Amino acid sequence: MNTGVLWPELEGAEVQVLRIQTKLHQWATGDPGRRFDDLFNLVVDPAVLVVAWARVRGNRGKRSAGVDRVKPVSIVAAEGWFLPALREDLKAREFTPMPVRERMIPKPGTSKRRRLGIPTARDRTVQAALKLVLEPIFEADFKPCSYGFRPRRRAQDAIAEIHQFASRSYEWVLEGDIEACFDMIDHPALMGRVRDRVGDKRVLALVKAFLRSGILGEDGELRSTNTGTPQGGILSPLLANVALSVLDEHFAQAWQGPAATSWQRTKRRRSGLANNRLVRYADDFVVMVAGTQAHADALREEVAAVLAPMGLRLSEAKTRICHIDDGFDFLGFRIQRKRKRGTDRRVVYTYPAKKALASIVAKVRALTRRSSHPTLAALLRQLNPVLRGWCSYFRYGVSKATFGYLDQYSWHRVVRWIRKRHNRTKWAVLFRRYLPGWRPTEDSVVLFQPQTVTVSRYRYRAANIATPWASRTPEHIA
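The rules behind the values
- Residues numbered from 1 in each chain as written.
- Predicted model: local features only at pLDDT ≥ 70, side-chain atom pairs only at ≥ 80, totals over all residues.
- Heavy atoms only, no water.
- Helix = DSSP H or I, 4+ residues; strand = E, 2+ residues; numbered from the N terminus.
- Rg over C-alpha atoms; globule rule 2.2 N^0.38 Å.
- Buried < 20%, exposed > 50% of the residue type's maximum accessible area, 1.4 Å probe, protein only.
- Contact = heavy atoms within 4.5 Å.
- Patch = residues over 30% accessible without salt bridge, like charges linked within 9 Å, V, L, I, M, F, W, Y side chains within 5 Å.
- Areas by Shrake-Rupley, 256 points an atom, 1.4 Å probe, with all protein chains shown as cover.
- Salt bridge = Lys/Arg side-chain N within 4 Å of Asp/Glu carboxyl O.
- Lys, Arg positive; Asp, Glu negative; His and termini not counted.
- Charge placed at Lys NZ, Arg CZ, Asp CG, Glu CD.
- pLDDT = per-residue confidence, 0-100.
- Core = buried A, V, L, I, M, F, W, Y, C linked by side-chain atoms within 4.5 Å.
- Pairing = 2+ DSSP bridges.
- Axes fitted to C-alpha atoms, helices over the stretch in contact; angles between N-to-C directions.

**Let's talk about the overall build of the protein**
Here is step 1: For the protein, the helix and strand inventory stands at 17 helices and 13 strands.
Here is step 2: A globule of 478 residues ought to have a C-alpha radius of gyration of about 23 Å, and the protein, at 25 Å, matches this closely.
Here is step 3: Dimensions of the protein along its principal axes, counting C-alpha atoms only, are 75 × 70 × 50 Å.
Here is step 4: Taken over 478 residues, the protein has a buried fraction of 48%.
Here is step 5: Taking the contacts inside the protein whose residues are at least 6 apart along the sequence as the reference set, 71% of them involve residues at least 24 apart.

**Some thoughts on a positive patch on the surface**
Here is step 1: Taken together, the side chains of Arg 35, Arg 195, Lys 208 and Arg 212 present a region of like positive charge at the surface.
Here is step 2: Checked against the element boundaries, Lys 208 lands in helix α9 (residues 201-211).
Here is step 3: Among the residues examined, Lys 208 registers a relative accessible area of 43% and is labelled partly exposed.

**Focus on the confidence of the model for the protein**
Here is step 1: Mean pLDDT over the protein works out to 91, with 95% of the residues at or above the 70 mark.
Here is step 2: Segment residues 473-478 is flagged for pLDDT under 50; beyond a separation of four residues in sequence, or across chains, it makes seven contacts in the model.

**Some details on the nonpolar core**
Looking at soluble globular proteins, one finds that nonpolar side chains tend to be buried together.
Here is step 1: Formed by 79 residues in total, the largest nonpolar core has its most connected members in Leu 39, Leu 130, Leu 190, Val 203 and Val 207.
Here is step 2: Broken down by element, the residue count for this core peaks at ten residues, all from helix α5 (residues 121-139).
Here is step 3: Those residues in contact with Leu 190 that lie beyond four places of it in its chain are Ile 185, Leu 211, Leu 239, Val 242, Ala 243 and Met 310.
Here is step 4: If you look at the next biggest cluster of nonpolar residues, it comprises 50 residues, including Leu 331, Tyr 434, Leu 435 and Val 445.

**Topic: the sheet that holds strand β10 (residues 333-339)**
Here is step 1: If you walk across this open sheet you meet the three strands as β9-β10-β11, and the pairing is antiparallel. The sheet terminates laterally at β9 (328-330) and β11 (346-352), the two strands that pair on one side only. Mean inter-strand twist for the sheet, computed between neighbouring axes without regard to direction, equals 30°.
Here is step 2: Note: β10 against β11, seven bridges, orientation antiparallel. Bridge assignment links Phe 333 to a residue of β11, and that residue is Pro 352.

Have a look at this one:
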């Protein structure tokens, strides 16, 4: 198909998309009440579609097919038909999202499973294009207390903020768990928040069409989606943040009003009132309370009332209140105040939670089964990235002892695999062949050593995390 449109190369398209995003973000920041009326032409812009398709082809789901059984990796963009045909369908309003393919995956740390929805390659590309255009607009409104699925923000920022508050008299914690968040978001309420910023009816129709596209279950039954935004879609995390930002805005009002300054917060505490701070990562959140347990108990109903208009409710079983001295788990970390060894000081520590350690131990155990790999080198090539990634995540904390245990455990599992794999070979021969320097090695591939990972305190960045578009000067966006 030849539409006569000049399709840019990826490098040039990325520069052009960044320029578009920067303008959108600066306009949204400069005018908080502005509604953007002409966004559809940006969604179908060739540069936006090229970048969107590159992201679809480059992410981990490129080998997963939707209901049409077509994997993104199997589509050859060089044939010149995929993006032009998709663009023509969008412009002619003939594009209709297909149902997502349901896949039930294990929930980490439990025996339960959660639903993952896999869109088709065409749908993923349009979702990615919508996200490229809409994300800079909504990022102008999102609050600093939110960290999940946002550019340049990570789980370690959330943990650092909790550590900051817990070290400064915020001793009571409300651990919030939203029941089936991605499945229960109310569509009219969500679309109402989207309309606050987006006035283009064609873009709104696309977003609504994706919300109502339906799910093809593993049993082959087609089910409608009257609520929620299926996990697995590229646009879903952004829409979930739009919905959950009602919680961010509720708690942010206190810091923009009567409790905005340090002196006013101190005055509230002396009057017997509490100060609260929210830290949210997607649908996981905690509310830090500088006050009493009664203040924290009252927050449960307050949070439930804020979430109710969005169709969301707190899980009674998993939402709990605790003291920082008792500790709690959040995003894989255990956060607890303890007495510092050799002193009388009490310090807030962050270290890997038992569930997180059990998870990596289970992965190591599964990878080191006897029949899993043909050679030691093949085993190490799969095991090393798992160990390295886990240690990289937890290196910002008091993790040295945990890394030492993981190092010892993985070493014993690999050595056990070697001995079982070569059960008729003498130990001296195995040691000489596979354990030079006591580290399992083959073909220059050496077992990763978690104990050597340097641990440090993560630098708390507070509200100083700039978006990818905020720091660009007018010369860059002309």
